[in-house]
Amino acid sequence: FLAEDLPEAVFSAPKPGAATWASCIRVVDPVQGTTVDHVPLEQNEAAFCATVCQFSSRGDSLWYIIVGVAKNFRLQPRQSDGGFLYTYVMNDETKKLEFVHKTPTDDVPGAVHPFQGRLLVGVGHFLRVYEIGRKKLLRKCENKHIPYFVTSITSMGYRILASDVQESIHFLKYRPVENQLIVFADDTSPRWVTAACLVDYCTAFVADKFGNAAVLRLPDDVNDEVDEDPTGTKALWDRGLLGGASQKTIELCNYHLGEAILSAQKTALIPGGSEAVVYTTISGGVGVFVPFNSREDIDFFQHLEMHLRQENPPLCGRDHLHYRSYYYPVKNVIDGDLCEQYNLLDLTKRRSIADELDRNPSEVSKKLEDMRTHYAF
């Protein structure tokens with residue numbers, strides 16, 4: 001299929017059959033927007049994930065590019081003929097990718113992540129730590145307690161956040177002395193995770209394919225227990241229900257966005273500005289979740305949202321609160337898009353809402369603008 005070079009103007013776009021894939025690795029200059037290098041993969045190899053990492057065992061400063069691919073992958077039902085981990089190194093002079101080796105895996109590598117001078121790989125429902133070798137990547141340890149399929153991995157220190165395709169997130173702790181990966185906490189609700197990121201050491205932002213976004217936090221009593229338990233025996237053997245971990249996360253926030261979030265990252269959008277969670281959606285939208293810094297701001301925006309629900313209902317007549325609580329009840333999240341519609345109302349309604357908030361319309365508009373420019377634009 002890849003060897004055929006038929007003119008698209010005559011034969012139209014090619015239509016491959018089932019389990020037929022074509023993938024490539026492309027190095028792009030971000031300033032010029034030009035392609036520096038292009039490496040086509042073999043027929044029916046689907047690239048699922050990629051990362052850049054350094055291996056501490058090598059003792060050099062080389063950056064390795066790891067690409068996880070699946071062979072003869074079928075989406076429904078999900079099956080494949082295994083996968084591979086391609087290892088490349090970047091040539092500093094030519095900016096080209098140099099092939100190092102190719103490591104076979106027994107399932108689809110769904111996520112890769114650099115971790116403490118090694119490589120974390122989600123292979124099917126296994127979470128593994130790899131070290132670089134001369135002829136292939138060497139498996140050092142693995143965890144088999146992720147239920148279905150690892151979709152994303154992120155870490156902070158020795159704490160790892162692994163997302164499952166169907167069973168939400170799992171917090172793991174890596175113990176270098178015992179060389180073990182231990183699941184010590186997970187979620188009580190099933191979530192089909194499409195994106196996840198760590199907000200801090202104990203808090204995670206999670207989004208699922210049904211358009212929900214949530215913030216989950218470990219309870220206060222879970223931190224010291226995990227950190228002060230050097231043997232790991234309690235977290236290893238004290239298996240409970242709902243995923244099997246001995247501790248459960250607490251749901252801080254919940255919100256139905258209406259479209260699936262594909263990526264999320266905690267960052268500051270403006271120099272010197274406060275950090276927020278930036279997300280992108282399947283329809284091409286870019287948005288932010290920003291934290292409130294004071295109780296006064298929470299009360300102001302909560303009352304503004306409440307008045308706008310009454311004064312500016314949706315065009316189709318659907319209740320706004322029911323929509324934002326489509327799968328889970330909305331919790332501790334203010335709809336900024338609804339609040340921004342304040343400036344689109346007529347003057348009479350704006351004055352009526354401002355009087356209820358003990359402010360004038362210009363102060364309400366200024367408050368909305370300050371909240372927006374403090375984090376984003």
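Just so we're clear, the structure is a prediction, and the values are computed from it rather than from any experiment.

### What to know about a negative patch on the surface
A cluster of acidic residues, E311, D355, E356 and D358, forms a negative patch on the protein surface. Take E311: it is sitting in helix α4 (residues 295-311).

### Brief notes about the sheet that holds strand β15 (residues 193-198)
Strands sit in the order β15-β16-β17-β19 across an open sheet of four strands; the sheet is antiparallel. Each end of this open sheet is capped by a strand with a single partner; those strands are β15 and β19 (250-256). For this sheet, the mean angle separating the axes of adjacent strands, direction not counted, is 15°. Both β15 and strand β16 (residues 203-208) contribute to a ladder of five bridges, which runs antiparallel. Bridge pairing links A195 to A207 in β16.

### Here's the deal with the environment of A195
Turning to its location among the elements, A195 is positioned in strand β15. In the structure, A195 is positioned 28 residues away from E167 in sequence and 13 Å away in space, judged by C-alpha atoms. With near-sequence residues (within four places) excluded, A195 lies in contact with F205, V206, A207, I261, L262, S263 and A264.

### Here's the deal with the nonpolar core
Within the largest apolar cluster, 17 residues are counted, with the highest numbers of intra-cluster contacts made by F301, L304, L308, Y342, I353 and V364. Secondary-structure elements contributing two or more residues to this core are α4, α6 (336-340), α7 (347-356) and α8 (361-375).

### A few points about the sheet that holds strand β22 (residues 286-289)
What links the strands of a sheet is backbone hydrogen bonding, and the strands pair in either a parallel or an antiparallel sense. Overall, antiparallel pairing links the three strands, which are arranged β20-β21-β22 in an open sheet. In the strand order of this sheet, the two ends are held by β20 (261-267) and β22, each with one partner. Looking at each pair of strands side by side, their axes are set apart by 25° on average, direction ignored. Here β20 pairs with strand β21 (residues 276-281) via six bridges, running antiparallel. Bridge pairing links K266 to V277 in β21.

### Let's talk about α7
If you check the start of α7, you find a side-chain oxygen 3.2 Å away from the backbone N of T348, and it comes from D346. Following α7 by one or two positions, D358 adopts a phi angle in the positive range, close to 60°.

### Regarding the packing of α4 against α7
Interhelical geometry of α4 versus α7 gives an angle of 145° and a closest axis separation of 10 Å. Read as a crossing pair, α4 and α7 show a hand that is right-handed. Taking contact as the criterion, the partners of L304, H307, L308 and E311 in α4 are, on α7, K349, I353 and E356. For the contact of α4 with α7, the class distribution of residues is three nonpolar, one polar and three charged.

### Looking at the pattern of salt bridges
Within this structure, the stated rule accounts for 18 salt bridges. With a closest N to O distance of 2.7 Å, K367 and D297 form a salt bridge. Separated by 70 residues along the polypeptide, K367 in helix α8 and D297 in helix α4 bring together distant segments of the chain. By relative accessible area, D297 is classed as buried at 13%. Residue R324 is joined to D335 by a salt bridge in which the shortest nitrogen-to-oxygen separation is 3.1 Å. Here R324, found in helix α5 (residues 320-324), pairs with D335, found in the loop between α5 and α6; they are 11 residues apart in sequence, far enough to count as distant. The network of salt bridges with common partners includes D106, R128, R139, E142 and K144.

Rules behind the numbers
- Residues numbered from 1 in each chain as written.
- Predicted model: local features only at pLDDT ≥ 70, side-chain atom pairs only at ≥ 80, totals over all residues.
- Heavy atoms only, no water.
- Patch = residues over 30% accessible without salt bridge, like charges linked within 9 Å, V, L, I, M, F, W, Y side chains within 5 Å.
- Areas by Shrake-Rupley, 256 points an atom, 1.4 Å probe, with all protein chains shown as cover.
- Salt bridge = Lys/Arg side-chain N within 4 Å of Asp/Glu carboxyl O.
- Lys, Arg positive; Asp, Glu negative; His and termini not counted.
- Charge placed at Lys NZ, Arg CZ, Asp CG, Glu CD.
- Helix = DSSP H or I, 4+ residues; strand = E, 2+ residues; numbered from the N terminus.
- Pairing = 2+ DSSP bridges.
- Axes fitted to C-alpha atoms, helices over the stretch in contact; angles between N-to-C directions.
- Contact = heavy atoms within 4.5 Å.
- Core = buried A, V, L, I, M, F, W, Y, C linked by side-chain atoms within 4.5 Å.
- Buried < 20%, exposed > 50% of the residue type's maximum accessible area, 1.4 Å probe, protein only.
- Polar contact = N/O pair within 3.5 Å; in protein donor to acceptor, adjacent residues only side chain to side chain.
- Left-handed = near helix turned anticlockwise from the far one by under 90°.
- Nonpolar A, V, L, I, M, F, W, Y, C, P; charged D, E, K, R; others polar.

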